[in-house]
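# Examining the three-dimensional arrangement
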Amino acid sequence: MYETKYHKAGSLDNATSLMGSADDGKYLGGGMTLIPTMKQRLAAPSDLVDLGGIADLQGISTDGSTLTIGAGVTHAEVAGSSDVQGAIPALAALASHIGDPHVRNCGTLGGSIANNDPAADYPAAVLALGATIKTNSREITAGDFFNGMFETSLSDDEIIVSVSFPIPEKAGYAKFPNPASRYAMAGVFAASTSDGPRVAVTGAGQDGVYREDAMEAALSADWSPAAASGVDVSADDLMSDIHGTSDYRANLVKVMAGRAVEAAG
Amino acid sequence: MSEGIGARVTRKEDKRFITGHGRYTDDIVEQNQTYAAFVRSPHAHAEILSIDRDAAKAMPGVIDVLDGKQLTGDGIGNIICGWTVNSKDGTPMAMGAWSALATQYVRYVGDAVVIVVAETQDQAREAAEAVVIDYKELPAVVSAVEALQDGAPQLHPEAPNNQIFDWEIGDEAPTDEAIAGAAHVVEMDFTNNRLSPNPMEPRSAIATYNAIEEHYTLYTTSQNPHVARLILSAFYQVAPEHKLRVIAPDVGGGFGSKIYVYPEEIACLWASMKTNGSVKWTSDRTEAFLTDAHGRDHVSTAKIGFDKDYKIVGLKVDTIANLGAYMSLFSSATPTYLYATLLSGQYNIANIHANVCTVYTNTVPVDAYRGAGRPEASFLIERLIETSARQLGISPVELRRKNFVTEFPHQTPVIMAYDTGDFEAHLSDAMKAADWDGIAARKAEAESRGKLRGIGMSCYIEACGIAPSAAVGSLGAGVGLWESAEVRVNPVGTIEILTGSHSHGQGHETTFAQLVCDRFGLPIDNVQVIHGDTDKVQFGMGTYGSRSGAVGMSAIAKALDKVEAKAKKIAAHLMEADEGDIVIENGEVKVAGTDKVLGWHEVCLAAYMAHNLPEGMEPGLKEGAFYDPANFTFPSGTYICEVEVDPETGTTDIVQFTAVDDFGVIINPMIVEGQVHGGLAQGIGQAMLEHAIYDDNGQLLTASYMDYCMPRADNLPSFTIGHTTTACPSNPLGIKGCGEAGAIGSPPAIINAITDAIGNNNLSMPATPQKVWAAYNAASTKQAAE
Amino acid sequence: MTTINMTVNGKAVSGEVEDRTLLVEFIREGLRLTGTHVGCDTSQCGACVVHVDGKAIKSCTMLAVQADGTNVVTIEGLANGADLHPVQAAFKENHGLQCGFCTPGMIMSAADMIERYDGKLDEATIRAELEGNICRCTGYHNIVKSIQAAADEMSKSA
């Protein structure tokens, strides 16, 4: 790892001012992606601003129609939260299968979506549920947040504070993990919301997480696993690598969609 | 006695490992420790035009930056292959030059070019990035088949067409004739996938030079420290043997990959002299993927002929083996004498001919990895038999039974003389344990849940304890393959065993002590096993090829014979009895049929007091032995795998895995079972998960656990293990060896099971979900079309 | 250099570290507690698992400065004096280790797993929970058996 300067921020203002005075700083959430990247000398931030001590990023709350989760809440906390389990059980289930137990103890919701790894799980839920991302300066809708692989609409010094998920009637998530990395090779989050069915796919698309419009249409006509998995999925814009061709991923998207709907009930 | 041969004794060595007090190489820090980092080739094939070390030398903490010209200039020799295999026309193998630090050309991604020594590891790594090397990139080739073709990039001037040797075994004309006259002929193509061994402890070395004594000490992750010292001394000219101490402390797994002396150990030793200090290097996992010798990587075609009664009349095999960019230590023996000699499997085959062509490519060297040649042989023969049964419409069990060797000894046409075995015994035990006959009902039940069940078997035989030395010498081996032991009895009766074997997970500290317990009735806590240090232990050959039981323990048994004989002489003298009447048991030395008895410790003390010894006897009680086996040993077994495939995704679950092995006499069943479990996991890894893949430019695509799929707990079932026993007649303990069987026998059973489930026999390893899904769909599409 | 203070295996320790120093580097090189191992570069193998403030984490993926002020338990601190922790004892009894390199991480993960599930573990759960720990020797068979035995033992005595 290259040299770096570590700062622990006590508040959001403190964090942005630390970032402002850094040459080439990066925010540190749970560190589950950033630290391995730095270890492999693929990233060399001059400064790290640790967000782990900021109280504003903690907490899970629900008001009956919306579930709000602090950006600094770990995957293990989301998975184990009775609020999440009660409001959006699919989200708790999703969090319980991110990485491994040790990663879940450190990795955070905010870190995951800010990184927007094309094979991460959370982006599928955020997009499918039409969540709103609240930062230290504004609110961003999910549809405007993800801008392709590893890209988001966050500015360099912007910090995700929390994510608010409208509580759906029902929702399900099914993931087919990459056999080696265990990241999603195709992960489908299907939700039946007040705006109708919403389906988001992670792990498969060349541009990261995306909504599968044809499946949403099929599900609004008939909310059933068969309706979801019966939709033709084109392999054209899907990833292809040593673990799976785009054809195989297209198949997985259909199968996982059916299983997500089945899980939703 | 409960701790003797056959006892399920928990391990003496465990306490330090479960409490965090193991002592692996990287745990050790020498005084004024400095750290090495290597500058490695980013190209698969290139000419080195220039190396600029100045900027790196000027960086903070940097002690020296050294390159290959300096290394060869100091007389450090090229890395050698220790087994000479000639082509069938008599031409010697074409060994290209391999310098520990490349001087003129780099031939694979990761080839070491420069060593940087600095005060800290980070400083060394940063300085390594500052070394400027100007390369002229050359075209690369990674596939052995392509490397042989006209116009392929050429790696070594010594090896035209990249061919190292073109070797054969068996008689070709009679084999061709037998197959031509066969009633049924089955042909098949095979790819044996390339693997990365991945012991969890990465390789590591600490080289320390003492200028006053002109003496070197090397701590290293080695399976055979004495062999390492011999090679470092005799071939690489690092230091004379008596000025070089090699210590392999706790080693975290090897699986073959830690047999070899790698460039890094040589360079660290040399750099310790150049910098007059102690130089430490520890591989990270990416370096391990790039530079640890890989395993397997064969492409073969085979043809088998049967008579009208389905008896095999001939087998013909043609194999191309990828040896990577340079010839590693045993790379020539692995695809020849450890592979083609096992192609007869458990079957009586009168005619076998195999041709093996070995090839250079721009990939990391390939050498022995758990099983080493035998997994490739068993995969070929067991897939071929299964496929033949399917094509000929006969039960795979019956086809095997019809052709089993049933009389021993049995001379195969490919060197091996099987000494003993009972193939029907483990076949029927395994079929019973796996409920082979009940599969139809289980298939139907799975189908009702939308799943595809399949079952497959493999009847493997392998060869361990490679020997005798004179025979392997005549086949080209550069070493003898005996083992040494010394049994040192202390005056108080406790015992130290010094062994040339090396334990890196096999539990020698326990099983070797069990031999003493069995012999004298002493508790194993009174026995200390010492290994892995050339200053402490007499020359020995180390641990690989499942040899520590059959060869290493036999050497101990022979040394124990001598100790026992001398102790009996002393006891007979002290008790005024006939030597032949002395019995040693339960820690006591008795005169049979009388009440005369001495404590074991009393006899030992008498040996050292020397006040009252038989006339002319030397004092002391310490004996050594070198054991050179008369033959290989031949473990065999039947493995049955049952799988369930999800047709929608191709995901395959192993629902049951049954392994029944004949390992001869078993010293500690708990440890033997553990060896089988681990071997099975690596075999399942090969069959379903693992694949080291280079792209066409020679970049390794699977250089981390993000892309190289290691078996994890949820990939595997709990295993059903059983044993049958025919004692090995060629060694004093009757042991056959158990370290590699799991990895040898399992891959064909798994692929036989999956292909049974999906109804398509065309499936290569690793059978990933994608491949299984595609093969299943190809089969169902074909079925629909018909 | 930054000064850090933490409790490791019940003892207050402090050290001067570069900010880039990983927790595992501080434990191994700074404190010379070498039972915690490093087996990969990608936070997957789990040989480095320790407990920080009661949670199992990968010490190769946390900076030492991040652990400032925390309570760390490593494999060396798991036994109660000469008395092995039940998980350690079960690994020995059930031959849950061979080369021993992954073992410290396995044991620390197992102890955490048993705690989180209150000892109520079945084979499938144990295997799923071991996703972040790689062993190359045992085929996991006896590791799973060891954890099951320890869980049963600990829930019996609880």
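Residues numbered from 1 in each chain as written. Chains lettered and ligands numbered in written order. Predicted model: local features only at pLDDT ≥ 70, side-chain atom pairs only at ≥ 80, totals over all residues. Heavy atoms only, no water.

## A few points about the overall build of chain A
Rule in force here: Here a strand is any run of E in DSSP of at least two residues, a helix any run of H or I of at least four, and the numbering for each starts at the N terminus. Radius of gyration here is computed from C-alpha atoms only, and the compact-globule reference equals 2.2 Å multiplied by the residue count raised to the power 0.38. Each residue is placed in one exposure class: buried if its accessible area under a 1.4 Å probe, protein chains only, is under 20% of its type's maximum, exposed if it is over 50%, and partly exposed if it falls in between. It only takes one pair of heavy atoms within 4.5 Å for two residues to be counted as in contact.
A tally of regular secondary structure across chain A gives 12 helices and 12 strands. The C-alpha radius of gyration computed for chain A amounts to 18 Å, which stays within 12% of the reference 18 Å derived for 265 residues, consistent with globular compactness. Looking at chain A residue by residue over its 265 residues, the buried ones come to 59%. Partitioning the intrachain contacts of chain A with sequence separation of at least 6 by distance along the chain shows that 58% fall at a separation of at least 24.

## Looking at the overall build of chain C
Per the secondary structure count, chain C includes five helices and five strands. Written out in order from the N terminus, the α and β elements of chain C read β-β-α-β-β-β-α-α-α-α. Relative to the compact-globule value of 15 Å for 158 residues, chain C shows a C-alpha radius of gyration of 15 Å, a close match. Overall size of chain C, expressed as C-alpha extent along the three principal axes, is 45 × 30 × 25 Å. Buried residues in chain C amount to 66% of all 158 residues.

## A look at the interface of chain B and chain C
Definition in use: The term buried area denotes the loss of accessible surface (1.4 Å probe radius) that occurs when two parts are joined, taken as the sum for both partners. A carboxyl oxygen of Asp or Glu within 4 Å of a side-chain nitrogen of Lys or Arg is what we treat as a salt bridge. Pairs of N or O atoms are called polar contacts if they sit within 3.5 Å, as long as, within protein, a hydrogen donor faces a hydrogen acceptor (for residues adjacent in sequence, only side-chain-to-side-chain pairs).
Each partner contributes residues to the interface: chain B has 55 residues there, and chain C has 44 residues. Buried area between chain B and chain C, summed over both chains or domains, comes out near 4200 Å², and the portion from carbon and sulfur atoms is 53%. When the area that chain B buries against chain C is broken down by residue, the three leading residues are B:I18, B:M200 and B:R712, summing to 18%. Across the contact surface, chain B and chain C share five salt bridges. A salt bridge links C:R28 to B:D26; its shortest N-O distance comes to 2.9 Å. Across the chain B-chain C interface, the total number found is 31 residue pairs in polar contact (both at pLDDT 80 or more). Top contributing element to the side of chain B that touches chain C by residue count: helix 18 (residues 669-689) of chain B, with eight residues.

## Quick word on the packing of aromatic side chains
Residues and elements named next belong to chain B. Our working rule: Pairing of aromatic side chains requires ring centres within 6.5 Å, counting the rings of Phe and Tyr and the six-membered ring of Trp. Pairs whose planes differ by under 30 degrees are stacked, by over 60 edge-to-face, and all others tilted.
Tallied over the full model, the rule gives 28 aromatic pairs over all chains. Summarising the aromatic geometry, the rings of F17 and Y24 are spaced 6.0 Å apart at their centres and angled 40° between planes, so their arrangement reads as tilted. Across the pair, exposure class does not vary: F17 and Y24 are buried alike. Between F289 and Y708, the ring centres sit 5.2 Å apart and the planes meet at 55°, which makes this aromatic pair tilted.

## Structural notes on the environment of C:S155
Residues and elements named next belong to chain C. Along the chain, S155 falls in helix 5 (residues 141-157). The exposure class of S155 is partly exposed, given its relative accessible area of 34%. Distance in space between the C-alpha atoms of S155 and E115 is 9.7 Å, their sequence separation being 40 residues. Setting aside anything within four residues of it in sequence, one finds S155 in contact with D118 and G119. Polar side-chain contacts of S155 include one of 2.6 Å to the backbone oxygen of A151.

## A closer look at the domain arrangement of chain A
Residue and element names in this part refer to chain A. For clarity, the threshold we go by: Residue ranges for the domains trace back to a domain assignment, done automatically or taken from a database.
Each assigned domain of chain A is listed here: domain 1 (5-49), domain 2 (57-166) and domain 3 (170-264). The C-alpha-based centres of domain 2 and domain 3 are spaced at 19 Å. Between domain 2 and domain 3, the residue contacts involve 21 residues of the former and 22 residues of the latter. Around 1600 Å² of area is buried between domain 2 and domain 3 when both sides are counted, 68% of it from carbon and sulfur atoms. Inspection of the domain 2/domain 3 interface yields one salt bridge. A salt bridge links K175 to D121; the shortest N-O distance between them is 3.0 Å. Counting across the domain 2 and domain 3 interface gives nine residue pairs in polar contact (both at pLDDT 80 or more). At the level of elements, helix 5 (89-95) and helix 8 (122-128) are the ones that each hand at least two residues to the side of domain 2 that touches domain 3.

## Thoughts on the interface of chain A and chain C
Note: interface size is frequently given as the accessible area lost on complex formation between the parts. Between chain A and chain C, the residue contacts involve 27 residues of the former and 26 residues of the latter. The junction of chain A with chain C conceals about 2200 Å² of combined surface from both sides, 55% of it contributed by carbon and sulfur atoms. Ranking the residues of chain A by area buried against chain C places A:Y6, A:K39 and A:H102 at the top, with a combined share of 28%. Here chain A and chain C share two salt bridges between them. Ionic pairing is found between C:K58 and A:D100, a salt bridge with its closest N-O pair at 2.5 Å. Joining chain A to chain C, the criterion identifies seven residue pairs in polar contact (both at pLDDT 80 or more). Of all the secondary structure elements, the ones that give two or more residues to the side of chain A that touches chain C are strand 1 (5-8), helix 2 (34-39), strand 3 (47-50) and helix 6 (101-106) of chain A. If one sorts the elements of the side of chain A that touches chain C by residue count, helix 6 of chain A sits on top with five residues.

## Some words on the packing of helix 2 (residues 86-93) of chain C against helix 5 of chain C
Residues and elements named next belong to chain C. Test applied: Think of each axis as a best-fit line through the C-alpha atoms, taken over the contacting stretch in the case of a helix, with angles from 0 to 180 degrees between the N-to-C directions. We call two directions roughly parallel when the angle between them is under 35 degrees, roughly antiparallel when it is over 145, roughly perpendicular when it lies between 65 and 115, and oblique otherwise. Crossing handedness follows the turn of the near helix against the far one: under a right angle anticlockwise gives a left-handed crossing, and clockwise gives a right-handed one. Each residue gets one of three labels, nonpolar for Ala, Val, Leu, Ile, Met, Phe, Trp, Tyr, Cys and Pro, charged for Asp, Glu, Lys and Arg, and polar for the others, Gly among them.
One can describe the packing of helix 2 onto helix 5 by two numbers: an axis separation of 8 Å at closest approach and a directional angle of 135°. In terms of axis orientation, helix 2 runs oblique to helix 5. Of the two possible hands of crossing, helix 2 and helix 5 adopt the one that is right-handed. Of helix 5, the residues touching helix 2 (which contributes P86, V87, A90 and F91) are I143, S146, I147, A149, A150 and M154. Partitioned by chemical class, the residues of the contact of helix 2 with helix 5 number nine nonpolar, one polar and no charged.

## What about the domain arrangement of chain C?
Residues and elements named next belong to chain C. Here the domain parsing of chain C yields domain 1 (2-77) and domain 2 (86-157). For domain 1 versus domain 2, the distance between C-alpha centres works out to 21 Å. The interface of domain 1 with domain 2 comprises 17 residues on the first partner and 13 residues on the second. Overall, the association of domain 1 and domain 2 removes approximately 1100 Å² of surface from exposure, summing both partners, and the carbon and sulfur fraction of that is 63%. In this structure, the connection of domain 1 to domain 2 is made through zero salt bridges. Seen at the junction of domain 1 and domain 2, the total is six residue pairs in polar contact (both at pLDDT 80 or more).

## Considering the side chain of B:S332
Residue and element names in this part refer to chain B. As for its placement among the helices and strands, S332 is situated in the loop between strand 14 (312-322) and strand 15 (352-359). According to the relative accessible area criterion, S332 is buried, its value standing at 0%. A distance of 2.5 Å separates a polar side-chain atom of S332 from the backbone oxygen of W83. Excluding residues within four positions of it along the chain, S332 makes contact with C81, W83, V85, M93, F165 and M327.

## Describing the nonpolar core
Nonpolar side chains in soluble globular proteins tend to end up buried together. Let me state the cut-off plainly: Each nonpolar core is a collection of buried residues, namely Ala, Val, Leu, Ile, Met, Phe, Trp, Tyr and Cys, held together in the definition by side-chain atoms within 4.5 Å.
Counting 219 residues, the largest nonpolar core has B:W83, B:I115, C:F91 and C:I147 as its most contacted members. The element that contributes the greatest number of residues to this core is helix 19 (residues 741-758) of chain B, accounting for nine residues. The contact partners of C:F91, leaving out residues within four places of it in the chain, are B:I18, C:G96, C:L97, C:T103, C:M106, C:I107, C:A110, C:I143, C:S146 and C:I147. Counting residues in hydrophobic clusters, the runner-up holds 49 residues, among them B:A485, B:A513, B:L515 and B:F520.

## A short note on the pattern of salt bridges
Scanning the model with the defined rule gives 68 salt bridges over all chains in all. The closest approach of N and O atoms between B:D122 and C:R20, which form a salt bridge, is 3.6 Å. Note that B:D122 is positioned in helix 4 (residues 121-130) and C:R20 in the loop between strand 2 (11-17) and helix 1 (23-30), a pairing that runs across two chains. For C:R20, a relative accessible area of 5% puts it in the buried group. Taking the shortest distance from any N to any O, the salt bridge between B:D435 and B:R442 comes out at 2.9 Å.

## Things to note about unusual backbone geometry
Going from B:F408 to B:P409, the amide bond is cis rather than trans, its omega being 0°. In this fold, B:P409 is placed in the loop between helix 11 (396-403) and strand 16 (410-411). One non-glycine residue, A:F150, adopts positive backbone phi at about 60°. Relative to the helices and strands, A:F150 is located in the loop between helix 9 (142-145) and strand 8 (160-166). Given a relative accessible area of 42%, A:F150 falls into the partly exposed group.

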